[in-house]
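# Secondary and tertiary structure notes
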Amino acid sequence: MNNMKINKIYYTAFLFVSLLFFNGCEDHQLKPPRESGSEPSRQTGESGLPVDREFARELARELGREFARELSRQLNEGNSSIQLDSVFSANSVQIDRDPGSLVDMDGRPHPLLAHCSEDVLEFYQSHADCFAIKSLQEIPAGLNWKDGLGEEEFSSPDAKRGGTWNVFMRDFPRTLRTIGPDANGAFRSYLSDYNALSLVMSHPNSDGYYPGLASSWAVADDRKTVYFRLDPDARYSDGKAVRSSDFFFLFYYMRSKHIQAPWYNDFFGKDKFLKVTLFDSHTFSITYYKAKPDVVERVSLRPVPEHFYGELDGEYLNKYQWLPEPTTGPYVATPENIDKGKSVTLVRQNDWWADQKKFYRYRFNPDKIKVSVVRDYNKAFEIFLKGEIDMFGLAKTEFWYEKLTDKNLLVKNGYLSKVTFFNQTPPPSYALRINSQKAPLDNQNIRIGFHHAMNFKLVLEKIFRGDYVRMNTVADGYGARSHPTLQARTFSVEKAVEHFAKAGYLKRGPDGILVNKKGERLSVEIVTGYKHFEDVLVVLKEEAKKAGLEIKLKILESTAAWKTAGEKNHQVIFSAFNSFVELFPRYWEPFHSDNAYQQDGDTKYRKDGRLKDNLVIKTSTNNFTQTAVREIDHLINQYREEESLERITELSHQLSEMIHEHGVWVPAWKKPWLRIGHWNWIKFPQDWGPKETRDYEEFQVFWIDQSEKKTILKAKLAGEVLSDQPTVRIYDKYQSN
Amino acid sequence: MKTMIKLNPLTTKKLRRFRSIKRGYWSFIFLVLLYSLSLLGELFVNKRALIVSYQGEFFFPTYGEQISGKFFGFDYEYETNYRDLQKKFEKENSNDWLLMPIVPFGPYEMDYAKESSTGFSPPSFSSGHFCGTDKTERDVFARLLYGFRIAMTFSLGYLLLTYLIAICAGSIMGYFGGRTDMLGLRLVEIWANVPFLYMVIILVSVMPSWWGTGWQVSSLLLIMVLFSWTGMTYYIRAAVYKEKARDYVSAAKVIGASSARIIFRHLLPNVISTLVTFAPFTIAAAVSSITALDFLGYGLPPPTPSWGELLKQGVNNLRIAPWIVISSVSILVLTLTLVTFVGEAVREAFDPKKFSTYE
């Protein structure tokens, strides 16, 4: 009896495996689908019979299912002598072990997941600790639900719908996917970042939130779990409603190997997003790994339309290369509006679900966004002057002062405006990062002297004509989290010389460069990948001579420069990272010793806090300063663990001070504004834009006055004057200092 | 060898012929003069004074150690700004005086003296910037002059080194012929197919940082030579092949002269005319390639004064600062034209149709 059963099991297993094998035979490159559950199958070639393969696969699955059911039934009957667990655990068919509530005893999925494909269900089941379904009664009572409707609107009721907004991109997008290889291009923001809505949106004028896809949300007592109620109106552009299960699918999608996006695989990993729980088709919760003060923002995700993808396989990249996914945002890209190599036109949905909702009713005004390819920046500028592009960034000094002067007829006659808008947002971190491990910069006095030898005042005054301001700390622009009083060290020959003297560089050589007793010259090399900032570095170099410091410049291709810094081969690198609008700055990546040396935590240090010898450098991290100080490490650890905003603020200030003291980071400059030129048929709200605007395209609060467009174009032809003043405007409501 | 050339009546004839071609001859004189002047550039274009008479003592700062500002009564320790010192002397009305060069600016110096100067000051005689200034207020004339010096020195070095290698390789192939020739030619062909620009880009980016500018320039020179000596070998090889069949070579062999002696003593003076006719064009090519490399950003390390760098700045700011392009293009065209004139004249003077040894 027992033998027969085992035989039956083996027979079924043999059939299963041979089917898989047969299935893979038609193309030698193909691997049997999902044998281990993790192997990414290769993209299929053009050969093969897709229908048959699909059929064989379905058959194999059905048999597998049947087999699993049978097996579990028999095991339940008490034949525990059969130890076949290990054979099937890899197949992730763990139906009986922990049925949870995702699937019932017969393997039928929960009604909320009834639409899921086999593969997706298997994924949920194999990660049963991450995905759960509970009843509405299980939502804790007494949650403080918020809907954000008390926040102020940041758009203008004067806005009018209509018109085509003409913009340019430097290169045609290589795909219309927003995830995966080549998807991270500039065009992505039109599809996703500035278009699709996430659950909750952080308000750009306050610290609060306004509703996105979720109409209300509540943070649980553990301050890690956030409950969301989806707006019942929320729909994708194909008319399908947004379902809570799309947030299950989101993780299936983001953790899939098929999307070939390791960054996303990691970002949406199990260690960050601990659990998603569904309560009904519109209510769910997401649990984050840490109780951060901005936890709402961290778990405010964008759904992935499960009905569109179904499941993912090796065909993913090919299939969706030019097939944009349905969006929850107002603008839709459709294949017929793509002129390959030339332009993509996004069209506004007539019946966009959020059209009349607060915070959205006066935004996203143009009917169409035409994004055309103009490969050359200067050419794009000329096209802008012709009126075929509506807006153009004028941050560069030469564009603002030389190429489009206030005397230019277009500005003088009032056809075109030059606008300076002061914003408040974390700036890109332009700084000289000193490698504190390379001689002679391993000496703190040399580093501080180096700070004082950098004449950024002259750079700001002469090269940037006083438009930029000095950055003061390692974390400027984070509101209260930025240090309120700390100032960057200013240029001072006396102070520089004094510190260099402390480090033993006492005498000036024949060329005016300081020399120490051993006869070594005080010479430091600055590496950079920014060819366009060569003039800045040249000024710094010439001025540093006054302090007896020789600077050698090495200006490389940007990838070569990043590589040098990643390998920690530089003495000083001039570089910048883009900062995100976040509640508090990041210290671990650039300043923790775990990113400087391979040895873990405090094992790097001797008892007295000095670094041990023979440490192994850790490459490819962002700790370009090779900062490894025990006290700073401990503070950063504390900072990362801390959950109260007050304490985080305190620690952030303390860290800023300590890093300043350590002297490895010479802050350069920040732009406190946005500067753009736009044709006057583009209208803006009274304040021009919200406080945290980083890019003129970001919040889309402007509108197009079509009748004015005609007037202006006519006036331009006739040379008619429309304004007695040049249209140059400054919006300084949010100017901080 | 020198005496041989002097003694060779053919060579003197050729030189006389060269002198009679006026355009080439005067171009040559002018170029030599210009280059010599640029070698003494510090005396004409410099931020340091030529002579300072201070408290009864004379100082000649041009070539010496830098003199601290404190020495002349300023409150800073770094190098004296002699233009300020001049003003100070005038103001104090003392007996002290100093003499500045004609253009009182250095090639690296940023003249931010005026409050309003933010780069790109137009040419003016009153400010002393005859050709205007660049983006960081450096004197364009000074940078052109020192750029000329570097470009010409670079080209001469390039010429010498490429010819040295080409002569050795070419004469070995031509003289020994047979398998040596075949193998050598194949190697040269392979080597000539290494993409030059990529190699330069790669090698420049891995140059060790602790090298000084001098070393970096020399290594750039070496890299360029390394990948461009091949072109010349073909000509030398052919010329040596031709000459080697002559009786005097057989005669030398019979006497028992070594191969090296025959190549360098007997053959070389006879093939040198081929080399000489190519020389000016090689110089022109070297000047253009170093300029092009600088223009692309793979040349001399900044802020070394260079024409390519100036041209790039000029092109990027054509509307704002036309004087940069105008002056750098003019001097580039002038130099290359002069070199070409010299080249033409040399070619004509050395034309074997006129002075054939077959007669």
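Rules used throughout
- Residues numbered from 1 in each chain as written.
- Chains lettered and ligands numbered in written order.
- Predicted model: local features only at pLDDT ≥ 70, side-chain atom pairs only at ≥ 80, totals over all residues.
- Helix = DSSP H or I, 4+ residues; strand = E, 2+ residues; numbered from the N terminus.
- Buried ≥ 20, exposed ≤ 12 C-beta atoms within 10 Å, placed from the backbone.
- Contact = placed C-beta atoms within 7 Å.
- Pairing = 2+ DSSP bridges.
- Axes fitted to C-alpha atoms, helices over the stretch in contact; angles between N-to-C directions.
- Parallel < 35°, antiparallel > 145°, perpendicular 65-115°, else oblique.
- Left-handed = near helix turned anticlockwise from the far one by under 90°.
- Nonpolar A, V, L, I, M, F, W, Y, C, P; charged D, E, K, R; others polar.
- Arc of directions from axis to C-beta.
- pLDDT = per-residue confidence, 0-100.
- Expected span 1.5 Å × (residues − 1).

Time to look at the overall build of chain B. In terms of regular secondary structure, chain B is built from 13 helices and three strands. On the principal axes, the C-alpha backbone points of chain B span a range of 85 × 45 × 35 Å. Looking at the 359 residues of chain B, the share that counts as buried comes to 36%. The long-range share in chain B, meaning contacts at least 24 apart out of those at least 6 apart in sequence, stands at 64%.

This part is about the overall build of chain A. In terms of helices and strands, chain A carries 22 helices and 26 strands. Taking all 737 residues of chain A together, the buried fraction comes to 39%. Considering only intrachain contacts with a sequence separation of at least 6, the fraction spanning at least 24 residues in chain A is 71%.

Time to look at the pairing of strand S7 (residues 273-280) of chain A. All names here are of chain A. Two strands pair when backbone bridges link them, and strand S1 (residues 131-133) and S7 are joined in this way by three bridges, in the parallel orientation. Directly across from Ile133, in S7, lies its bridge partner Leu278. Bridge count for S7 against strand S8 (residues 283-288) is six bridges, and the pairing is antiparallel. Residue pairing for S8: Leu278 is matched across the bridge by Phe284. The turn joining S7 and S8, which pair antiparallel and follow one another in sequence, is formed by two residues.

All names here are of chain B. Close contact between helix H5 (residues 140-176) and helix H8 (residues 213-226) brings their axes to 10 Å; oriented N to C, the two are set at 40°. One finds that H5 runs oblique with respect to H8. Seen along the crossing, H5 lies across H8 with a hand that is right-handed. Contacts between H5 and H8 pair Phe154, Gly157, Tyr158, Leu161 and Thr162 from the former with Leu221, Met224 and Val225 from the latter. For the contact of H5 with H8, the per-class residue count stands at six nonpolar, two polar and no charged.

With 22 residues of chain B at the interface, the matching set in chain A holds 28 residues. By residue class, the composition of the side of chain B that touches chain A is nine nonpolar, eight polar and five charged.

Given 3.6 residues per turn, any residue in an α-helix points the same way as the ones three and four places further on. Residues and elements named next belong to chain A. All of the buried residues in helix H15 (residues 456-463) are Phe456, Val459, Lys462 and Ile463. Mapping the buried residues of H15 onto a view down its axis gives an arc of 145°, with all of them on the same face. Along its buried surface, H15 packs onto strand S15 (469-470), helix H17 (534-544) and strand S22 (669-670). Immediately beyond the C-terminal end of H15, within one or two residues, lies Arg465, with a positive phi of roughly 50°.

This part takes up the sheet that holds strand S1 (residues 51-54) of chain B. Residue and element names in this part refer to chain B. Judged by pairing direction, the sheet is antiparallel, and its three strands sit side by side in the order S2-S1-S3 without closing on themselves. Looking at the sheet topology across the chains shown, the edges are occupied by strand S2 (57-59) and strand S3 (97-99). On average, each strand axis in the sheet is tilted by 15° relative to the strand beside it, whichever way the strands run. With three bridges connecting them, S1 and S2 associate as antiparallel partners. Of the residues in S2, the one forming a bridge with Ser53 is Phe58.

Residues and elements named next belong to chain A. In the predicted model, chain A carries a mean pLDDT of 85, and 88% of its residues have values of at least 70. Ranking the helices and strands of chain A by mean pLDDT puts helix H14 (residues 444-453) first, with 96, and helix H3 (residues 85-89) last, with 42. Counting interchain partners and residues more than four positions distant, the pLDDT-below-50 stretch residues 80-100 has 25 contacts.

In this section: helix H3 (residues 22-39) of chain B. Residues and elements named next belong to chain B. If you check H3, its first and last C-alpha atoms are 26 Å apart, about what 18 residues at 1.5 Å a residue would give, namely 26 Å. Within H3 the residues assigned to the buried category are Gly24, Ser27, Phe28 and Ser38. In an axial view of H3, the angular spread of the buried residues amounts to 105°, which keeps them on one side of the axis. Across from the buried face of H3, at angles greater than 90 degrees, the exposed residues are Lys22, Ile29, Val32, Leu33 and Ser36. Turning to H3, the residues buried within the fold contact helix H2 (9-20), H5 and helix H13 (322-349).

This part covers the packing of H5 of chain B against helix H9 (residues 230-244) of chain B. All names here are of chain B. Contact geometry of H5 with H9 gives a least axis separation of 7 Å together with a crossing angle of 40°. Between H5 and H9, the angle falls in the class oblique. Like other packed secondary-structure pairs, H5 and H9 cross with a definite hand, here right-handed. Contacts between H5 and H9 involve Thr162, Tyr163, Ala166, Ile167, Ala169, Gly170, Ser171, Met173, Gly174 and Tyr175 from the first element and Met232, Thr233, Ile236, Arg237, Val240, Tyr241 and Lys244 from the second. For the contact of H5 with H9, a count of residues per class yields 10 nonpolar, five polar and two charged.

Cis geometry marks the peptide bond from Ala439 of chain A to Pro440 of chain A; its omega dihedral reads -5°. Inspection of the secondary structure assignment puts Pro440 of chain A in the loop between strand S14 (431-434) and H14. Of note, the bond from Pro302 of chain B into Pro303 of chain B is cis; its omega dihedral lies within 30 degrees of zero at 0°. If you check the backbone angles, Phe364 of chain A has positive phi at about 50° while not being a glycine. In this fold, Phe364 of chain A is placed in the loop between strand S10 (343-348) and strand S11 (368-373). Phi is positive for Asn614 of chain A, which is not a glycine, with a value near 60°. Along the chain, Asn614 of chain A turns up in the loop between helix H19 (588-591) and helix H20 (630-641).

A word on the environment of Pro280 of chain B. All names here are of chain B. On the secondary structure map, Pro280 appears in helix H11 (residues 259-296). Separated by 56 residues in sequence, Pro280 and Leu336 have C-alpha atoms that sit 9.4 Å apart. When near neighbours in sequence (up to four residues on either side) are disregarded, Pro280 contacts Val339, Thr340, Val342, Gly343 and Val346.

Let us now look at the environment of Tyr696 of chain A. Take Tyr696 of chain A: it is sitting in the loop between strand S24 (682-683) and strand S25 (703-704). When the C-alpha atoms of Tyr696 of chain A and Arg447 of chain A are compared, they prove to be 38 Å apart, with 249 residues separating the residues in sequence.

All right, on to the sheet that holds S8 of chain A then. All names here are of chain A. Spatial ordering of the open sheet is given by S1-S7-S8-S6-S5, a layout of five strands whose pairing is mixed. Across the chains shown, the open sheet's two edge strands, defined by having one partner strand only, are S1 and strand S5 (214-219). The average angle at which neighbouring strand axes cross in this sheet is 20°, direction not considered.

Residues and elements named next belong to chain B. The share of residues in chain B with pLDDT of 70 or more is 94%, and the mean pLDDT across the chain is 86. Across chain B, the secondary-structure element scoring lowest on mean pLDDT is helix H1 (residues 2-7), at 48, and the one scoring highest is H3, at 93. For residues 1-5, every residue scores under 50 in pLDDT, and the model assigns this stretch four contacts once sequence neighbours within four places are set aside. This prediction of the complex comes with two scores: 0.75 for pTM and 0.84 for ipTM.

What follows concerns the pairing of strand S6 (residues 225-230) of chain A. Residue and element names in this part refer to chain A. Counting buried positions over the six residues of S6 gives six, a clear majority of the element. Across the two faces of S6 the burial is the same, with Thr225, Tyr227 and Arg229 and Val226, Phe228 and Leu230 all buried. Across five bridges, the pairing between S5 and S6 is antiparallel. Residue pairing for S6: Ser216 is matched across the bridge by Arg229. Linkage of S5 to S6, two consecutive antiparallel strands, is achieved through a turn of five residues, within which Arg223 is found at a positive phi near 55°. Here five bridges tie S6 to S8, and the two strands are oriented antiparallel to one another. From the neighbouring strand, Val226 faces S8, where its bridge partner is Ile286.

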